[in-house]
Amino acid sequence: MAVNDIIAPENLVYQKPKLMNDTTMHYCPGCSHGVVHKLVAEVIADMEMEEKTVGVCPVGCAVFAYRYLDIDWQEAAHGRAPAVATGVKRMWPDRLVFTYQGDGDLACIGTAETIHALNRGENITIIFINNAIYGMTGGQMAPTTLIGQKTATCPYGRNPDIHGYPLNMTDLASRLEGTCFVTRQSVDTVASITKAKKAIRKAFEASMQGKGSSLVEIVATCNSGWKLTPAQANEWMRENMFPHYVKGDLKDTTGI
Amino acid sequence: MAEKEVMLMKGNEAIAHAAIRCGTDGYFGYPITPQSEIIETLAELKPWETTGMVVLQAESETASINMIYGGAGAGKRVLTSSSSPGIALMQEGISYMAGAELPGVFINVQRGGPGLGTIQPSQSDYFQATRGGGNGDYNVIVLAPNSVQEMADFVDLAFELAFKYRNPAMILSDGVIGQMMEKIILPPMKPRRTEEEIRKECPWAAMGRKADRNPNIITSLELKSEVMEQRNIHLQEKYKTIRENEVRYETRNCEDADYIIVSFGSAARIGEKAVELAREQGIKVGLFRPITLWPFPSKEILELAKSKKGVLVSEINAGQMVQDVRLAVNGAVPVEHFGRLGGIVPDPEEIVEALKEKLIK
Amino acid sequence: MSKMKGAIVVNTDRCKGCQLCIVACPKDVIALAQKKVNVHGYPYVEPAQADLCIGCVACATVCPDGCITVYRKKVEA
């Protein structure tokens, strides 16, 4: 059978999510952000929440997330996304409100906003992309940078005597009364992507059912910042990130 | 509470009552002296059980202002309040709101600075309020109440102006007005807007995209300089419209006056007494009170000052509004300044003495 | 006996040539188009051995830029 006979609408099994528009994303080739964007777009559509969703963008690589998914967005100041999301959700309790933040935004400059929004049990979901580096500004040390990892601001490797230790925000979040679902996932394989999508779905459902705050950490790659190819970056992540940022559900009281 | 009932309360309490009555959707704030009665009164009044207004104590002023950003960005009437050091912390959020053109309202019940300063009243945040305060070329609308009544009345006015121009609006009060008790008639009850009304009034709001429109994006970011310049030009044109239409001020005893005292807020209350005392001594003095500090009544001050012998700007700071008055008067007549610092509130007698010493000689 | 036959269409203007799809494909269907770049200056991938495709969706799932559309049909062997 010729390929052209297969390419027909009735045989379609996968296409770019409907909520993802045709604007070319600014992310580097192979960046994990794109996969997570697709999952968020798919889950919103699966839940039929297109008209009732407000996303909050961070400062960092995902600052332009609002260009790519056709939902309403607010762009927050660096680290303040959970406070902005709190304002939106408290004003519109029937809306699906989520933030999309990187490690610098969430675990460094916005630590207070993140911890307190989670601890208040705001009915929002925080999607946390942890690639252990500052991507947008050119590969500087992040709060989640691993010991020994080299970045532009710790070129000889992160040394805890000088730079302190990697901050594990997801562990912290799992111990807060306000959180109902805290999980750590990745998007490096088909199986992990399927699990990550289920996690985002559960978090969004929990937000809408008023069960409290959800945090979905995605351990991710920054192949440009790490100076590796996309495929090598996935390998490096599995070898170095996963032992420190262990995947799986850290807390689930949702009953979903 | 009956309409038109005369009550006795603090300025801070009046803000809280007025917020509930003018259809505010949410208050987000963090305690700081001398304005904590605002959030305390709101908590006591439990408006979430009556009008449905949300009241939330945030983890910081930084969080408060960003909750306001989120709420205003979603089309709601949202309010925060603080005092000088807390307002300083909010400047990031205020700049972002100005950049994203969000209609939030914030109240500064000023205290003396710099730094942690004092908890006593001051007007030393005039520059911060009228020059924008954060990064970038922008202005916020600034209303300066001089009574408990105006504290209440300006809440609704601030919201009206904020939404009319899609711009943050500030009520610049101080510890005197916030803490003093006066009689007041509370503003009439106004219902909170429905979703339909909000969609109509705020077609730009990010509150969930209906299929009949493109996504709404609330942002102050634009990397292309050419586009960013156009955005700035749009803001400057908006500010020009505000300057042309929203100047508010009050004059007292100015017609026959030889000298004019220019004061705002609590200093203007003291100025009223100073005018009385001066006139008892045979000095013909009038009072000009800017009610909007931005836009500033420059033209009106010049018009008035031209026919007078001199102007004394009396404010509770080291000389801030006096710069705007000097720019307005542009050398037509002498303009002098009198102020007390560090939380000291001047007596009317001191102002009369300053007038004699600096202008009459 | 029936088996699954697949086909992919790559949006070559969107593709950045990251090659994660090449790693994910179990049938070695995909390869980088030789000496070609798209409108953005990126190299891009193409179904070099299209006949081998089983329509498993692995390539499209891992694609960060949503460049790959997948079709699948049951055919009699």
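Residues numbered from 1 in each chain as written. Chains lettered and ligands numbered in written order. Predicted model: local features only at pLDDT ≥ 70, side-chain atom pairs only at ≥ 80, totals over all residues. Heavy atoms only, no water.

1. A look at the nonpolar core
For soluble globular proteins, nonpolar side chains are generally found buried alongside one another. Residues and elements named next belong to chain B. Counting 121 residues, the largest nonpolar core has V262, V311, M321 and V325 as its most contacted members. When residues in this core are grouped by element, the largest group, 12 residues, is from helix α7 (residues 148-165). When residues of this core are sorted by domain, at least three fall in each of domain 1 (2-195) and domain 2 (250-360). Beyond its immediate stretch of four places on either side in the chain, V262 contacts F288, P290, I301, V311, L312, V313, S314, M321 and V325. (Core = buried A, V, L, I, M, F, W, Y, C linked by side-chain atoms within 4.5 Å. Buried < 20%, exposed > 50% of the residue type's maximum accessible area, 1.4 Å probe, protein only. Helix = DSSP H or I, 4+ residues; strand = E, 2+ residues; numbered from the N terminus. Domains from an automatic or database assignment. Contact = heavy atoms within 4.5 Å.)

2. Re the interface of chain C and chain A
Tallying the contact residues gives 30 residues for chain C and 33 residues for chain A. Around 2,600 Å² of area is buried between chain C and chain A when both sides are counted, 68% of it from carbon and sulfur atoms. Counting every contact that joins chain C to chain A gives zero salt bridges. Taken together, the links from chain C to chain A amount to 12 residue pairs in polar contact (both at pLDDT 80 or more). (Buried area = accessible area lost by both parts, 1.4 Å probe. Salt bridge = Lys/Arg side-chain N within 4 Å of Asp/Glu carboxyl O. Polar contact = N/O pair within 3.5 Å; in protein donor to acceptor, adjacent residues only side chain to side chain.)

3. Digging into the domain arrangement of chain B
Residues and elements named next belong to chain B. Assigned domains within chain B: domain 1 (2-195) and domain 2 (250-360). Counting residues at the interface gives 28 residues for domain 1, matched by 25 residues for domain 2. Both faces combined, the contact of domain 1 with domain 2 buries some 2,100 Å², and carbon together with sulfur accounts for 53% of it. Ranking the residues of domain 1 by area buried against domain 2 places Q123, Y126 and N146 at the top, with a combined share of 34%.

4. Focus: the sheet that holds strand β2 (residues 26-29) of chain B
Residue and element names in this part refer to chain B. With respect to topology, seven strands assemble into an open sheet ordered β3-β2-β4-β5-β7-β6-β13, the strand pairing being mixed. With one partner strand each, in any of the chains shown, β3 (54-57) and β13 (292-294) form the two edges of the open sheet. Neighbour to neighbour, the strand axes of the sheet diverge by 20° on average, direction disregarded. Bridge count between strand β4 (residues 78-82) and strand β5 (residues 105-110): four bridges; the pairing is parallel. Its bridge partner lying in β5, L79 is registered against V105. (Pairing = 2+ DSSP bridges. Axes fitted to C-alpha atoms, helices over the stretch in contact; angles between N-to-C directions.)

5. A closer look at unusual backbone geometry
Most peptide bonds adopt trans geometry, and most residues besides glycine take a negative phi value. Residue and element names in this part refer to chain B. At the junction of G113 and P114, the peptide bond is cis and its omega measures out at 0° in the coordinates. One can find P114 in the loop between β5 and α6 (126-130). Omega for the peptide link from W294 to P295 comes to 0°, which places this bond in the cis form. Non-glycine residue E101 carries a positive phi angle of around 55°. Summarising the element assignment, E101 is placed in the loop between α5 (91-100) and β5. Its identity is not glycine, yet N253 carries a phi of approximately 55°, on the positive side.

6. Considering the interface of chain B and chain A
Listed as interface residues are 38 residues of chain B and, on the opposing side, 33 residues of chain A. Remark: the boundary between chain B and chain A carries five salt bridges. As a salt-bridge pair, R95 of chain A and E195 of chain B come within 2.8 Å of each other at their nearest N and O atoms. At the level of secondary structure, the elements contributing two or more residues to the side of chain B that touches chain A comprise β2, β3, α3 (61-73), α5, α9 (195-201) and β9 (217-218) of chain B. In terms of residues, the side of chain B that touches chain A owes the most to one element, α3 of chain B, which gives eight residues. Of the residues that constitute the side of chain B that touches chain A, the class distribution is 19 nonpolar, 10 polar and nine charged. Pairing between strand β3 (residues 72-75) of chain A and β9 of chain B: two bridges, direction parallel. Considered in β9 of chain B, the bridge of W73 of chain A is made with I217 of chain B. (Nonpolar A, V, L, I, M, F, W, Y, C, P; charged D, E, K, R; others polar.)

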